[in-house]
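Breakdown of the fold
Chain residues, written in single-letter form:
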Amino acid sequence: MIELNKLYNSPLPANRTGALYNAFAYPTKISPEAIALYIACHTKVGETVLDPFAGSGTTGLATMLCDQPTHEMIEMAKKLGVQPVWGKRQAVLYELSPLGAFISKVMSNLQSSKGFIKNAKQLINEIEKELESIYVVKDDEGKFGTLRYLVWSEVLICPKCKHKSSFWENAVSRIPLAISSTFKCSKCKHTNTFVNIQRVTETVTDPVLKKKHNRKKRIPIWIYGRTGKRTWNREANKNDLKIIREIPKKYILGEVPVHPINWGVLHRKGYHKGITHLHHFYTDRNLIVFSRLWEKINDYPVDQHDVLKLLLLSYNTSHSTLMSRVVVKKQSTDFVITGAQSGVLYISNLPAEKNIFEGLKRKITTLSKAFDLVSKSKSTVTVFNESSTSLGLDNQFVSYVFTDPPFGDYIPYSEINQINEAWLGQITNSDEEVVVNSAQNKSTDDYARLMTKVFLEVNRVLRNKGRMNLVFHSAKAEIWQALVSSYQNAGFKVVLSNILDKVQGSFKQVTSTIKVQGDPLLLLTKSNTIKNGKSINDHTKENRIIKNIIQEAFNHSNNADEQKPERLFSRYVTACLESGVPISTNASKFYKTVEDMIKHHQNVS
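Please read all numbers here as calculations on a predicted model, not as lab measurements. (Residues numbered from 1 in each chain as written. Predicted model: local features only at pLDDT ≥ 70, side-chain atom pairs only at ≥ 80, totals over all residues. Heavy atoms only, no water.)

Before going further, it helps to examine the overall build of the protein. When its secondary structure is counted, the protein shows 19 helices and 23 strands. For a compact globule of 605 residues, the expected C-alpha radius of gyration is about 25 Å, and the protein comes in at 26 Å, within 12% of that figure. For the protein, the spread of C-alpha atoms along the three principal axes comes to 70 × 65 × 45 Å. Expressed as a percentage of the 605 residues in the protein, the buried residues total 56%. Considering only residue pairs separated by 6 or more positions, the protein has 77% of its internal contacts joining residues 24 or more positions apart. A total of about 27300 Å² of accessible surface is found on the protein, and carbon and sulfur atoms cover 49% of it. Between the centroid of the 81 positive side chains of the protein and the centroid of its 56 negative side chains there is a distance of 4 Å. (Helix = DSSP H or I, 4+ residues; strand = E, 2+ residues; numbered from the N terminus. Rg over C-alpha atoms; globule rule 2.2 N^0.38 Å. Buried < 20%, exposed > 50% of the residue type's maximum accessible area, 1.4 Å probe, protein only. Contact = heavy atoms within 4.5 Å. Areas by Shrake-Rupley, 256 points an atom, 1.4 Å probe, with all protein chains shown as cover. Lys, Arg positive; Asp, Glu negative; His and termini not counted. Charge placed at Lys NZ, Arg CZ, Asp CG, Glu CD.)

Time to look at the pattern of salt bridges. In total, this model carries 22 salt bridges according to the counting rule given. Residues Glu 141 and Arg 230 are paired through a salt bridge, measuring 3.7 Å at the closest nitrogen-oxygen approach. Highlighted residues: Glu 141 in the loop between β4 (136–138) and β5 (144–157) and Arg 230 in strand β15 (residues 230–235), separated in sequence by 89 residues. Asp 240 is the salt-bridge partner of Arg 234, the closest N and O atoms lying 2.8 Å from each other. Relative accessible area serves as the criterion here: at 11%, Arg 234 is assigned to the buried category. Since its relative accessible area comes to 7%, Asp 240 is described here as buried. Each of the salt bridges in this network shares a partner with another, and the network as a whole consists of Asp 139, Asp 140, Glu 141, Lys 143 and Arg 230. (Salt bridge = Lys/Arg side-chain N within 4 Å of Asp/Glu carboxyl O.)

Written out as structure tokens, the structure is:
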């Protein structure tokens with residue numbers, strides 16, 4: 001236990017880089033290398049690991065890394081002063097989402113990347129040849145080149161003079177590089193915020209529904225391309241628009257799922273105008289390309305279908321749809337075309353249409369590297385696409401649990417995943433989804449009830465001396481209280497805690513009003529008693545914890561990260577959980593307390 005304590009003495013680095021992490025974008029992912037270190041320190045060779053909220057299967061990949069540790073993992077262990085026992089284990093994963101379960105199964109059961117590379121390249125080449133001119137454009141010198149990205153722009157209506165103009169015209173500056181937050185009519189000079197400006201709509205014939213459809217009008221505005229080895233960019237023109245309008249007539253659309261979007265908490269009236277079905281997230285061109293690629297997979301050997309689908313889906317939601325967008329980054333000489341924002345279904349005012357063929361070719365390299373990291377592992381991974389409220393495992397079957405459960409109302413997984421799940425033909429049954437979600441009529445109490453059912457099952461299948469690592473994140477005291485009550489009511493207690501130090505925050509962590517830096521990482525064991533009911537808060541103890549954490553950070557720490565209010569809040573949470581003190585302070589209130597204490601300290605000094 002003494003050496004195990006070393007694992008919790010300093011934040012665990014969890015880099016958001018590497019082939020395994022980048023193989024497939026999935027909200028709130030943790031690097032499998034970090035999880036593998038914890039597995040190898042908490043278990044013996046041959047033991048069984050469980051993840052009841054498996055997501056895209058990183059715990060399974062981590063288990064496979066336990067007998068194939070990378071150089072970076074070995075160095076991380078040395079730096080932390082621990083001696084993990086490397087070797088094979090077996091992992092059992094439960095995941096409610098068909099998408100998450102699909103990713104987990106394919107990633108953890110591929111034997112070799114050689115066949116994948118050959119078939120993936122052939123698939124792309126065949127459809128690229130079939131649609132040979134679909135991404136052909138003229139460059140800035142009038143020569144034929146290849147489209148890399150096309151920036152689209154919404155069209156606005158001035159509320160005062162009714163003049164119509166593009167968002168690009170109103171908001172974008174190339175010198176200096178900037179995207180303004182203020183609308184200024186080029187005709188009457190009326191100013192306003194963009195949220196208050198009406199968008200132009202248009203009625204078109206829907207190629208999938210075969211009927212008239214009203215949507216936001218978007219026009220091609222800026223083109224990035226390549227001619228030979230030379231890259232270039234230019235303003236879109238009338239000829240580009242003419243070519244784009246001819247695409248649906250020139251190319252045959254593949255089979256597309258007719259899937260009405262199950263809008264929930266992410267829907268915004270007006271903002272999502274015209275997005276009623278799956279295919280409305282795509283431009284005409286990219287819908288044709290993706291659908292033909294998906295359909296063509298049927299011509300390949302059956303044992304290659306799933307891995308080829310994984311390739312397409314790994315690029316799909318993040319990059320093939322209108323959720324790709326234009327951003328400004330510091331010190332950049334031009335706009336950056338990036339992928340979809342994690343955890344939302346956001347289409348910006350300047351969506352970007354990417355060349356799917358080029359993107360998939362890059363993805364082949366990433367996926368093949370990921371496969372090579374785990375393909376020789378002798379560890380086994382079993383995946384169940386089922387709710388973890390009822391585990392089909394024997395009593396005390398599991399030695400260790402590592403899990404990263406849904407963070408209350410943080411991410412509506414079933415709503416986000418449906419874009420990729422629609423292509424798979426399986427949609428998440430949200431009845432047993434453990435989440436706080438007004439669209440599903442699930443309150444914090446419902447969340448605690450479902451979480452308790454899962455933890456009771458985990459308690460049943462976990463050995464008496466088994467341990468569970470749980471990663472959790474929330475800025476809301478009521479969500480923490482729901483989590484604590486659920487694991488206490490299921491017979492667990494916190495014995496140690498740490499911070500999972502993610503190098504880059506997710507989109508919602510970065511942009512939310514209240515941020516938390518570093519996810520608390522808890523070590524739980526069976527308490528031998530099942531606690532019923534809610535704890536009564538001791539504000540004296542809680543205030544003492546807050547004061548001690550702040551003083552320690554500013555008196556003894558030379559690490560600027562440890563002095564940030566967001567990190568201090570995570571420290572406050574873990575200290576409360578270790579001490580058995582209920583969490584009753586939201587992040588916003590905690591930050592105000594930190595601010596007041598700093599001012600007091602400065603005045604005294």
